[in-house]
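As a plain string of letters, each chain reads:
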Amino acid sequence: MKLAILISGRGSNMDAILTAIRKGHMPQAQPVLVLSNLPEAGGLTIAREKFGLNTEVLVSNDLKGWEYDKNVMTLLQNYEISPTNGLICLAGFMRLLSPQFVSLFRNRIINIHPSLLPSFPGLHAQRKALEYGVKISGCTVHFVDKGLDTGPIIIQKSTPVLQSDTEESLSGRILRDEHLVYPEAIKLITEDRLKISGRMVLINGEH
Ligand code: GAR
């Protein structure tokens with residue numbers, strides 16, 4: 001399965017995924033491309049210099065929705081990544097994909113989010129969790145549907161919220177867990193061990 005990893009920033013989840021692949025944890029996963037919507041994304045350098053991967057930048061130039069995503073589609077086609085052979089991993093990619101794109105890559109796009117969804121979707125999830133006063137937060141890997149952080153959940157991992165936590169300290173602990181669960185979710189998909197039934201993601205036929 002050909003992986004395209006989409007980023008907008010430092011790329012630590014991307015690094016964790018590529019490291020797991022390099023260590024041989026997902027033999028069926030073939031990373032092909034790292035794409036960013038921002039040229040300054042630090043993850044681009046890591047992808048090229050640490051992993052020798054192809055990187056591309058598609059700046060938005062005010063293109064919205066499908067107008068932008070069409071260009072992503074063309075780029076993926078250039079790298080021969082298709083809805084049948086590909087998996088698109090959003091790793092801190094701070095754009096909402098259009099319904100057209102999501103339909104084309106149905107159940108072939110996954111995302112990681114720094115909260116236990118459906119709590120705290122969208123931006124600043126860790127800050128919202130702290131402000132709400134929850135005692136447990138965490139992270140979620142999910143399939144991407146047309147909503148914002150609403151698709152079927154693949155894996156979640158909980159992280160306790162400490163009384164002394166700041167947004168930075170909580171984000172840091174959640175991030176460490178993100179780095180564990182994202183490669184695990186990709187492994188399950190590339191091994192064809194997941195079935196989606198409505199909102200439920202069944203692992204090996206059991207939930
Ligand atoms: C991660 O914490 C990821 O969960 C979050 O952005 C960060 C990217 O960090 N994504 C979202 O908030 C998506 N709604 P990274 O670039 O170091 O992987």
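Residues numbered from 1 in each chain as written. Predicted model: local features only at pLDDT ≥ 70, side-chain atom pairs only at ≥ 80, totals over all residues. Heavy atoms only, no water.

### Notes on the sheet that holds strand 1 (residues 2–7)
- In space, the seven strands of this open sheet follow the order 3-2-1-4-5-6-7, with mixed pairing throughout. The open sheet has two free edges, formed respectively by strand 3 (54–57) and strand 7 (153–160), since each of these has just one partner strand. For this sheet the average axis-to-axis angle between neighbouring strands, irrespective of direction, equals 20°.
- In terms of strand pairing, strand 2 (residues 30–36) meets strand 3 through four bridges, oriented parallel. By the bridge assignment for strand 3, L33 is matched with N54.
- Running at roughly 160° to strand 1, helix 1 (residues 12–22) makes contact with strand 1, strand 2 and strand 5 (109–113) of the sheet.
- With respect to the sheet, helix 6 (residues 167–190) is in contact with strand 1, strand 4 (86–90), strand 5, strand 6 (136–143) and strand 7, its orientation differing from that of strand 7 by roughly 155°. (Pairing = 2+ DSSP bridges. Helix = DSSP H or I, 4+ residues; strand = E, 2+ residues; numbered from the N terminus. Axes fitted to C-alpha atoms, helices over the stretch in contact; angles between N-to-C directions. Contact = heavy atoms within 4.5 Å.)

### Here's the deal with the site of the ligand
- For the ligand, the full set of nearby residues is R10, G11, S12, N13, G92, M94, I112, H113, P114, L175 and E178.
- The contact in question runs from an oxygen atom of the ligand to an N or O atom on the side chain of S12, over 2.6 Å.
- In the environment of the ligand, an oxygen atom lies 2.7 Å from a nitrogen or oxygen atom belonging to the side chain of E178.
- Taking 450 Å² as the accessible area of the ligand by itself, protein coverage stands at 89%.
- The set of elements that each furnish at least two residues to the shell around the ligand consists of helix 1, strand 5 and helix 6. (Near = heavy atom within 4 Å. Polar contact = N/O pair within 3.5 Å; in protein donor to acceptor, adjacent residues only side chain to side chain. Areas by Shrake-Rupley, 256 points an atom, 1.4 Å probe, with all protein chains shown as cover.)

Take it as geometry only, folks, not as evidence of what the structure does.
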